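Spelled out from the first residue to the last, the chains are:
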Amino acid sequence: MSATSAPALRGPLMRVGVALACGLLGFLLVAQVRATESVEDRLAGEREEDLAQILSDLSAEADRLTLEITDLRLTLLAVQNEAEGEQVALRSLQRRLDDLRILAGVVAAEGEGISFVIEDPAGQVRQDLLVDTIQELRDAGGEAMAVNGVRLIVSSAFSVRRDRLLLDGQPLTPPYRIVAVGPADTMAKALAIPGGAIDTLEARTEVRTTVEQLAQLTVPARPQTAPFVFGEPVVESRDGE
């Protein structure tokens, strides 16, 4: 094929391509219009009673979907409220567990509190005075306490053996240092009230006390949990058995 014949063929081919593209576009437009017209024609061909029934069916479907959406929203709200309630209950149980751990002395306690030192070179302080002091601190908000590093728990007890003070079997040597986590100012004022722990202690020979309020202190945990001994019921035997 010669170079002069190529331009002559290019023109007819381009016209054919444009014609095909225009034809395809027209076909798509006509198909879309016919699809729209078919729906309109179908509705236009329905009787008034049929159109009313179609409208009623659509309205009923819309109402059903609205009710379903409302039910789903109520279900979602109930699930959210239940989840929130479970979280509140879980947080309450966790706080209770933390309180019980502190009372049992199995965890260290930290926070503001006081250090109360009792100097007793003549050995005048006995267990009853220490018990009264500890009780005053508890009444004033003391949450966790220790005496000379021995953690106090709900079953703790002071005793005397061979004229020596013991706390839960651990010997105590003066000076006695009581540390307590709780409202420092309140506990310090409770110890200093007229006729309170400080007055009672310092009425003894050579006994002196010192109270220090601390913004942060730590009451140690027990090195091991206290053992508990449980009784067992005795079954009475019947005569002749």
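In this report, we go over the structure that sits alongside the text. Since this is a predicted model, take the numbers as computed values, not measurements.

## As for the overall build of the chain
Next up, step 1: Secondary structure assignment for the chain yields five helices and eight strands.
Next up, step 2: Scanning the chain from its N terminus toward the C terminus, one meets helices and strands in the order α-α-β-α-β-β-β-β-β-β-α-α-β.
Next up, step 3: Looking at the 241 residues of the chain, the share that counts as buried comes to 22%.
Next up, step 4: Looking at the chain as shown, the accessible area adds up to about 17,300 Å², and 57% of this sits on carbon and sulfur atoms.

## Structural notes on empty space enclosed by the protein
Next up, step 1: What the rule picks out here adds up to one cavity of 30 Å³ or more.
Next up, step 2: Here the largest cavity is characterised by a volume of approximately 50 Å³.
Next up, step 3: Every element with two or more residues in the lining of the largest cavity is listed here: helix H2 (48-104) and strand S2 (144-147).
Next up, step 4: When its residues are assigned to classes, the lining of the largest cavity shows seven nonpolar, no polar and three charged.

## Considerations on the layout of surface pockets
Next up, step 1: Estimates place the volume of the second largest pocket at around 180 Å³.
Next up, step 2: What lines the second largest pocket is Val 131, Ile 134, Gln 135, Arg 138, Leu 152, Ile 153, Val 154, Ser 156, Ala 157 and Phe 158.
Next up, step 3: Ranked by residues supplied to the lining of the second largest pocket, first place goes to helix H3 (residues 127-139) with four residues.
Next up, step 4: Across the lining of the second largest pocket, the residue classes break down as seven nonpolar, two polar and one charged.

## Some thoughts on unusual backbone geometry
Next up, step 1: Look at the link from Pro 174 to Pro 175: it is a cis peptide, with omega at 0°.
Next up, step 2: By the secondary structure assignment, Pro 175 is in the loop between strand S6 (170-171) and strand S7 (176-181).
Next up, step 3: One non-glycine residue with positive phi stands out, namely Asp 163, at about 65°.
Next up, step 4: Looking at where Asp 163 falls in the secondary structure, it is placed in the loop between strand S4 (158-161) and strand S5 (164-167).
Next up, step 5: Of note in the backbone geometry, Asp 168 takes a positive phi value of approximately 50° without being a glycine.

## Examining a nonpolar patch on the surface
Next up, step 1: Residues Leu 100, Leu 103 and Val 154 make up a contiguous nonpolar surface patch of roughly 260 Å² in combined accessible area.
Next up, step 2: With respect to the secondary-structure elements, Leu 103 resides in helix H2.

## Considerations on H3
Next up, step 1: With 13 residues, H3 extends 18 Å from end C-alpha to end C-alpha; this agrees with the ideal 18 Å at 1.5 Å per step.
Next up, step 2: For H3, the set of buried residues is Leu 129, Leu 130, Thr 133, Ile 134 and Leu 137. Seen end-on, H3 carries its buried residues on one side only, within an arc spanning 135°.
Next up, step 3: A positive backbone phi angle near 110° is found at Gly 141, which sits one or two residues after H3.

## Details of helix H4 (residues 184-192)
Next up, step 1: Along H4, the residues classified as buried are Ala 184, Met 187, Ala 188, Ala 190 and Leu 191. Viewed along the axis of H4, the buried residues span an arc of 160°, placing them on a single side of the element.
Next up, step 2: Elements in contact with the buried residues of H4: strand S1 (109-119), H3, S7, helix H5 (197-202) and strand S8 (208-219).

## Details of the packing of H3 against H4
Next up, step 1: Put simply, H3 and H4 touch, their axes get as near as 9 Å, and they point 140° apart. With respect to H4, the axis of H3 lies oblique. Note on packing geometry: the crossing formed by H3 with H4 is right-handed. Side by side, H3 and H4 meet where Thr 133, Glu 136 and Leu 137 of the first sit next to Met 187, Ala 190 and Leu 191 of the second.

## Examining the sheet that holds S5
Next up, step 1: As summarised here, the arrangement of the three strands in space is S4-S5-S6, forming an open sheet in which the pairing is antiparallel. Every interior strand has two partners, whereas the edge strands, S4 and S6, have only one.
Next up, step 2: Direction of pairing for S5 relative to S6: antiparallel, over a ladder of two bridges. Each bridged residue has a counterpart across the sheet, and for Leu 166 the counterpart in S6 is Pro 171.
Next up, step 3: Contacts between H3 and the sheet are confined to S4 and S5, with S4 contributing the most and set at about 165° to the helix.

How each quantity is defined
- Residues numbered from 1 in each chain as written.
- Predicted model: local features only at pLDDT ≥ 70, side-chain atom pairs only at ≥ 80, totals over all residues.
- Heavy atoms only, no water.
- Helix = DSSP H or I, 4+ residues; strand = E, 2+ residues; numbered from the N terminus.
- Buried < 20%, exposed > 50% of the residue type's maximum accessible area, 1.4 Å probe, protein only.
- Areas by Shrake-Rupley, 256 points an atom, 1.4 Å probe, with all protein chains shown as cover.
- 1 Å grid on protein atoms, 1.4 Å probe; cavity = no way out; pocket = protein on both sides within 12 Å on 5 of 7 lines; lining within 4 Å.
- Points joined across faces, edges and corners; volume = space filled by probe spheres on them.
- Nonpolar A, V, L, I, M, F, W, Y, C, P; charged D, E, K, R; others polar.
- Patch = residues over 30% accessible without salt bridge, like charges linked within 9 Å, V, L, I, M, F, W, Y side chains within 5 Å.
- Salt bridge = Lys/Arg side-chain N within 4 Å of Asp/Glu carboxyl O.
- Expected span 1.5 Å × (residues − 1).
- Arc of directions from axis to C-beta.
- Contact = heavy atoms within 4.5 Å.
- Axes fitted to C-alpha atoms, helices over the stretch in contact; angles between N-to-C directions.
- Parallel < 35°, antiparallel > 145°, perpendicular 65-115°, else oblique.
- Left-handed = near helix turned anticlockwise from the far one by under 90°.
- Pairing = 2+ DSSP bridges.

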